[in-house]
Amino acid sequence: MNIDQFPAQPTATPVGTPPPFDPELDAALTVLRRQIPTTVPSLDMIPALRRQAAEWAPPPSNEQISRDGAFVVTERTAPGPAGAPEIPLLICRPAEAATPVAAVYYIHGGGMIGGTHRMIGVDPLLDMATELGLAVVSVDYRLAPEHPHPAPVEDCYAGLLWTVEHAADLGIDPSRLLVAGPSAGGGLAAAVVLLARDRKGPALAGQLLNCPLLDDRNNTPSSLQMAGLDVWDHARNEMGWTALLGEQRGGLDVSPYAAPARATDLSGLPPAFIDVGSAETFRDEGVTYATRIWQAGGKAELHVWPGGFHGFDVMVPQAMLSQDAKTARLRWLRRTLAL
């Protein structure tokens with residue numbers, strides 16, 4: 001695949017006043033901001049950020065994940081890429097399922113620098129899996145900056161290959177397997193789909209990309225508009241991409257398997273669901289990615305939730321806008337997986 005070498009958009013591009021937050025979300029955001037460090041983020045802060053995240057949301061136990069026995073929860077390991085450690089997988093299968101079920105291969109968020117396969121979006125995904133009778137395979141991957149590109153995406157792809165190869169043992173229907181993830185997990189999911197196409201790997205049923213992190217250049221109008229306002233803003237985004245790519249961030253030779261926005265060819269991909277908030281950093285790169293899929297002859301469903309900030313549906317799940325977003329994803333999953 002050729003690497004996109006279009007010049008980066010100048011940071012001087014004028015942008016208007018930031019779009020307003022949804023009133024219900026804005027009230028919650030006022031409380032959330034008190035918990036977010038106000039200092040300019042740097043790579044030195046990553047260990048502290050990881051500790052803080054673990055304190056806010058400790059990883060759930062297998063018993064908690066099982067939803068009172070609704071899921072059979074197992075832990076497996078897949079062979080890692082050549083010379084790399086094994087990859088942990090958390091497998092949740094509906095306990096009452098008697099035949100192979102449709103499944104979601106899930107890649108957690110965390111800005112490429114944090115999170116585990118037990119957190120950063122797993123809980124709301126299990127809500128949908130409960131309603132639809134889906135299995136979930138959640139992959140853990142090595143984190144930057146200790147493990148820069150291509151370690152995270154290669155871990156995710158290796159875990160996907162193992163899942164498909166062992167689908168019969170796992171009780172999964174490989175013809176109804178899709179890849180999903182939020183934020184950094186959404187970017188990695190998009191990259192895994194590109195790898196599967198280009199390496200003639202598994203044929204996937206779809207890609208569910210929630211507020212995906214796609215473009216290392218970090219210079220879209222929404223990235224500039226929401227600087228200092230979104231919970232994952234321009235400065236934090238720069239930290240995450242620098243951790244993953246180092247000095248290559250924003251340069252001409254960034255791989256599309258690191259930053260899917262760099263791909264020059266988006267044809268031949270499985271159906272995509274892409275959603276972003278109108279008041280978040282990743283709004284424009286998500287809209288552009290969906291547009292380019294259409295332009296390449298592909299199939300994509302795009303939602304831009306008015307007044308949504310980054311990860312609003314996970315942080316404020318009771319909000320009306322969050323419920324609307326969940327409903328849209330459920331409907332897409334039903335159609336895409338023929339449920």
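Just so it is clear, the structure is predicted and the values come from calculations on it, not from any experiment. (Residues numbered from 1 in each chain as written. Predicted model: local features only at pLDDT ≥ 70, side-chain atom pairs only at ≥ 80, totals over all residues. Heavy atoms only, no water.)

**A few points about the side chain of Glu301**
Part 1: Mapping Glu301 onto the fold places it in strand 8 (residues 300-305).
Part 2: In contact with Glu301, other than residues within four places in its own chain, are Ala272, Phe273, Ile274, Ala328, Trp332 and Arg335. (Helix = DSSP H or I, 4+ residues; strand = E, 2+ residues; numbered from the N terminus. Contact = heavy atoms within 4.5 Å.)

**Here's the deal with helix 10 (residues 283-295)**
Because each turn of an α-helix spans 3.6 residues, side chains separated by three or four positions end up pointing in the same direction.
Part 1: The end-to-end C-alpha distance of helix 10 is 18 Å, a good match for the 18 Å that 13 residues give at a rise of 1.5 Å each.
Part 2: Buried residues of helix 10: Arg283, Asp284, Glu285, Gly286, Tyr289, Ala290 and Ile293, and no others.
Part 3: Packed against the buried residues of helix 10 are helix 7 (184-198), strand 6 (207-210), helix 8 (221-225), strand 7 (272-277) and strand 8.
Part 4: The first or second residue beyond helix 10 is Gly297, which carries a positive phi of 90°. (Expected span 1.5 Å × (residues − 1). Buried < 20%, exposed > 50% of the residue type's maximum accessible area, 1.4 Å probe, protein only.)

**Observations concerning the sheet that holds strand 2 (residues 87-94)**
Part 1: With mixed pairing, eight strands are arranged side by side in an open sheet as 1-2-4-3-5-6-7-8. This sheet does not close on itself; its edge strands, each paired only once, are strand 1 (71-78) and strand 8. On average, each strand axis in the sheet is inclined to that of its neighbour by 15°, with strand direction left out of account.
Part 2: Bridge analysis of strand 7 against strand 8 gives six bridges, and the strand direction is parallel. (Pairing = 2+ DSSP bridges. Axes fitted to C-alpha atoms, helices over the stretch in contact; angles between N-to-C directions.)

**As for the packing of helix 4 (residues 122-132) against helix 12 (residues 320-336)**
Part 1: Contact geometry for helix 4 and helix 12: axes closest at 11 Å, N-to-C directions at 45°. The angle between helix 4 and helix 12 falls in the class oblique. Where helix 4 crosses over helix 12, the handedness of that crossing is right-handed. Facing Asp127, Met128, Glu131 and Leu132 of helix 4, the residues of helix 12 in contact are Lys326, Arg329, Leu330, Leu333 and Arg334.
Part 2: In terms of residue class, the contact of helix 4 with helix 12 is built from four nonpolar, no polar and five charged. (Parallel < 35°, antiparallel > 145°, perpendicular 65-115°, else oblique. Left-handed = near helix turned anticlockwise from the far one by under 90°. Nonpolar A, V, L, I, M, F, W, Y, C, P; charged D, E, K, R; others polar.)

**A look at helix 5 (residues 151-165)**
Part 1: Compared with an ideal rise of 1.5 Å per residue, which puts 15 residues at 21 Å, helix 5 spans 21 Å between its outermost C-alpha atoms and is within 8% of the ideal.
Part 2: With eleven of 15 residues buried, helix 5 lies mostly within the body of the structure.
Part 3: All buried positions along helix 5 are accounted for by Ala151, Pro152, Val153, Asp155, Cys156, Tyr157, Ala158, Gly159, Leu160, Trp162 and Thr163.

**Regarding the confidence of the model for the chain**
Part 1: Scored by pLDDT, the chain comes out at a mean of 93, with 95% of its residues at no less than 70.
Part 2: Segment residues 1-12: pLDDT under 50, and 31 contacts once partners within four positions in sequence are set aside and those in other chains are kept. (pLDDT = per-residue confidence, 0-100.)

**Regarding the packing of aromatic side chains**
Part 1: Applying the stated criterion across every chain yields a total of two aromatic pairs.
Part 2: Look at Phe21 and Phe309: their rings are 6.3 Å apart centre to centre, the planes differ by 75°, and that puts the pair in the edge-to-face class. Taken together, the residues span a long stretch of sequence, with Phe21 in the segment before helix 1 (23-33) and Phe309 in the loop between strand 8 and helix 11 (312-315) at a distance of 288 residues.
Part 3: Take Phe21: its relative accessible area is 17%, and that puts it in the buried class. (Phe/Tyr/Trp six-rings, centres within 6.5 Å; stacked < 30°, edge-to-face > 60°.)

**Focus on unusual backbone geometry**
Part 1: Between Ala144 and Pro145 the backbone carries a cis peptide bond, its omega angle lying at 5°.
Part 2: Along the chain, the position of Pro145 falls in the loop between strand 4 (135-139) and helix 5.
Part 3: Omega for the peptide link from His149 to Pro150 comes to 15°, which places this bond in the cis form.
Part 4: Within the chain, Met112 stands out as a residue other than glycine whose phi angle is a positive 75°.

**Focus on empty space enclosed by the protein**
Part 1: Tallying each qualifying case throughout the model produces one cavity of 30 Å³ or more.
Part 2: Of the pockets and cavities examined, the largest cavity occupies roughly 40 Å³.
Part 3: Asn210, Cys211, Asp275, Val276, Glu280, Phe309, Gly311, Phe312, Asp313 and Arg329 are the residues that line the largest cavity.
Part 4: Contributing elements (two or more residues each) for the lining of the largest cavity: strand 7 and helix 11.
Part 5: A class-by-class count of the residues in the lining of the largest cavity yields four nonpolar, two polar and four charged. (1 Å grid on protein atoms, 1.4 Å probe; cavity = no way out; pocket = protein on both sides within 12 Å on 5 of 7 lines; lining within 4 Å. Points joined across faces, edges and corners; volume = space filled by probe spheres on them.)

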